[in-house]
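The primary structure of each chain is shown beneath.
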Amino acid sequence: MAEKNTELADFLRRARSQGDASRAGLPADGRVRRVPGLRREEVAFLAGVSTDYYARLEQGRRIVPSPSVVDAIGRALGLDQAGRAHLADLIGLGSAAAQPRTRPVQRVRPGLYQFLGTLDDVPVLVLGRRADVLAQNRMGRALFTDFERFPAVRRNYARWMFLDEGARSLFVDWEEQARAAVENLRLEAGNDPADRATGALIAELREASDEFAAWWTEHRVYRRTYGSKRLRHPVVGDLTVEYETLALPGDPDTTLYVYSAEPGSPSARALDLLASWSLTATPRPAAP
């Protein structure tokens, strides 16, 4: 319970420190702000709760606010949709101590593999919980890396992003992409804090990567459903790809990431060249 309350307290303090009194519509009171962000009493005022109540919540006390109060605090802190969902997850932890557990291994349905085969002209990754790479098509392997060459337990997008030198050299905007991986993992960890595999991955990355450890303590959360990536590919050179995510209604823990480039652009021509190259590239045997 102490760890969960610490997570909530840390998130609230960091969210408050990033608040802006003028944007929140608070009147100037003439006092000099020694530290950036909102004061506790200001968050309490905006949320319609007492300062003592909010202070106890920020201290990680065993309090479970109503959904309306959670929503009000989220608005007062200026949280986006992902931040409010994360706050609700963390506050919900106060009602019961979740025991660490191991979730079943995710599998990709044969029909989904068959569907990937019909998308052979565009790169596709299939990600599961904690950004485990469950499958990829030929173009997905060519654009990023062949995750099947890693042992099954190590096929994870965030792990690859931080611990593989190939990822660092591939992404022109590596820091932006790596921070996004941290923020997505933060969101998932808050949603299911009892999952042993997620906890083990976080512990590994905090130990192995100074960047991950530093960005993890910032407690930023964000859910990206679309965006772009700038790459410096070793075969076709510089290109920018846009991605869209497709959630599977029958399996909410599985997401397809589909990548494309603007038609007629240099990036589109680079993808065409990559498609031709991938047809002749020798695939590596899958690791067990």
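All residue numbers refer to position in the chain's written sequence, counted from 1. Only residues with pLDDT of at least 70 get local features here, since the model is predicted, and only at 80 or more are side-chain atom pairs given and counted; chain-wide, interface and lining totals rely on the full set of residues. Values reported for side chains reflect all heavy atoms of the structure, with hydrogen atoms and water molecules removed beforehand.

Engineer: For this particular structure, what's the right way to read helix α10 (residues 174-191)?
Structural biologist: In an α-helix, one turn spans 3.6 residues, which is why side chains three or four residues apart end up on the same side. Between its terminal C-alpha atoms α10 stretches 26 Å, which fits the 26 Å expected from 18 residues at 1.5 Å a residue. By the burial criterion, the buried members of α10 are Trp174, Gln177, Ala178, Ala180, Ala181, Val182, Glu183, Leu185, Arg186, Leu187, Ala189 and Gly190. Counting from the N terminus, the helices are the DSSP runs of H or I reaching at least four residues and the strands are the DSSP runs of E reaching at least two. Multiply 1.5 Å by the residue count of a helix minus one, and that product is the helix's expected span. Exposure categories follow from relative accessible area, calculated using a 1.4 Å probe and restricted to protein chains: below 20% of the type maximum is buried, above 50% is exposed, and the middle band is partly exposed.

Engineer: How do you make sense of the nonpolar core when you look at a structure like this?
Structural biologist: Considering soluble globular proteins, one finds that nonpolar side chains tend to be buried as a cluster. Leu143, Tyr157, Trp160, Phe162 and Phe171 are the most contacted members of the largest nonpolar core, which totals 42 residues. Sort the elements by how many residues they give to this core and α10 lands first, with six residues. Note on contacts: a residue pair qualifies if any of its non-hydrogen atoms lie within 4.5 Å across the two residues. Apart from residues no more than four positions distant in its own chain, Phe162 is found in contact with Arg168, Trp174, Ala178, Ala181, Val182, Leu205, Ser209, Glu211, Phe212 and Trp215. Residues Val43, Ala47, Val49 and Ile63 belong to the second largest nonpolar core, which totals 27 residues. Put simply, buried Ala, Val, Leu, Ile, Met, Phe, Trp, Tyr and Cys residues joined by side-chain atoms within 4.5 Å make one nonpolar core.

Engineer: How do you make sense of the confidence of the model for the protein chain when you look at a structure like this?
Structural biologist: Detailed conclusions should not be drawn from predicted coordinates in areas where pLDDT is low. Mean pLDDT over the protein chain works out to 87, with 89% of the residues at or above the 70 mark. A score between 0 and 100, pLDDT records how confident the predictor is in each residue. Within the protein chain, helix α1 (residues 2-17) has the poorest average pLDDT of any element, 77, and helix α8 (residues 157-163) the best, 98.

Engineer: Looking at this structure, I do not really get the layout of surface pockets. What am I missing?
Structural biologist: It is the rolling of a water-molecule-sized probe over the atoms that shows where space remains empty. Using protein atoms alone on a 1 Å grid, points that fit a 1.4 Å probe yet trap it form a cavity, whereas open point sets bounded by protein on both sides within 12 Å along at least five of seven lines form a pocket; residues with an atom within 4 Å of a point count as lining. Grid points are joined across faces, edges and corners, and a volume is the space filled by probe spheres set on the points. Roughly 950 Å³ of volume is contained in the largest pocket. Taken together, 41 residues line the largest pocket, and the ones lying closest to its centre are Asn184, Arg223, Arg224, Thr255 and Tyr257. Considering every element that reaches the lining of the largest pocket, the biggest residue donor is α10, with nine residues. Gly falls in the polar group here, along with every residue not listed as nonpolar (Ala, Val, Leu, Ile, Met, Phe, Trp, Tyr, Cys, Pro) or charged (Asp, Glu, Lys, Arg). Across the lining of the largest pocket, the residue classes tally to 17 nonpolar, twelve polar and twelve charged. Its volume calculated, the second largest pocket comes out at about 680 Å³. Along its surface, the second largest pocket is lined by 26 residues, and Val105, Asp132, Leu134, Ala152 and Val153 are the ones closest to its centre. When contributions to the lining of the second largest pocket are tallied by element, the ones reaching two or more residues are β2 (133-136) and α11 (196-208). Considering each element in turn, the lining of the second largest pocket owes the most residues, four residues, to β2. Split by residue class, the lining of the second largest pocket holds 13 nonpolar, four polar and nine charged.

Engineer: What should I look at first to understand the packing of aromatic side chains in this one?
Structural biologist: Within a pair of aromatic rings, the relevant descriptors are the distance that separates the centres and the angle that separates the planes. Only Phe, Tyr and Trp rings are paired, with Trp represented by its six-membered ring, and only when their centres lie within 6.5 Å; those with planes under 30 degrees apart are stacked, over 60 edge-to-face, the remainder tilted. Going through the model one piece at a time under the given rule, you end up with 14 aromatic pairs. Their ring planes at 50° and their centres at 6.0 Å tell us that Tyr243 and Tyr259 sit as a pair that is tilted. Separated by 16 residues along the polypeptide, Tyr243 in strand β4 (residues 237-248) and Tyr259 in strand β5 (residues 251-260) bring together distant segments of the chain. This pair shows no difference in class: Tyr243 is buried, exactly as Tyr259 is. Taken together, the aromatic side chains of Phe144, Phe147, Phe150, Tyr157, Trp160, Phe171, Tyr243, Tyr257 and Tyr259 make up a single cluster linked through ring pairs.

Engineer: Help me understand the side chain of Asn156, please; the structure alone is not making it clear to me.
Structural biologist: By the element assignment, Asn156 lies in the loop between α7 (138-143) and α8. Throughout this description, a polar contact denotes any pair of N or O atoms lying within 3.5 Å of each other; where both atoms belong to protein, one of them has to be capable of donating a hydrogen while the other can accept it, and for residues adjacent in sequence the pair is counted only when both atoms sit in side chains. Side chain to side chain, Asn156 and Asp132 meet in a polar contact 2.8 Å long. At 2.9 Å, the side chain of Asn156 forms a polar contact with the backbone nitrogen of Ala158. In contact with Asn156, not counting residues within four places along its chain, are Arg130, Ala131, Asp132, Val133, Phe147 and Leu201.

Engineer: Before we go on, may I ask you to explain the sheet that holds β4 in this structure?
Structural biologist: Strand pairs in the sheet, formed through backbone hydrogen bonds, run parallel or antiparallel to each other. Being paired, for any two strands, means DSSP has found at least two bridges between them. With respect to topology, five strands assemble into an open sheet ordered β2-β1-β5-β4-β3, the strand pairing being antiparallel. One side of each edge strand has no neighbouring strand; the edge strands of this open sheet are β2 and β3 (226-233). The mean inter-strand angle of the sheet, taken between neighbouring strand axes irrespective of direction, is 25°. Note: strand β1 (residues 124-127) against β5, four bridges, orientation antiparallel. Following the sheet pairing, Val126 is matched in β5 by Leu256. Axis lines are fitted to C-alpha atoms, over the contacting stretch for helices. Their N-to-C directions set the angle, which ranges from 0 to 180 degrees. Sitting on the sheet, helix α6 (residues 110-117) touches β1, β2, β4 and β5, and the angle it makes with β2 is about 45°.

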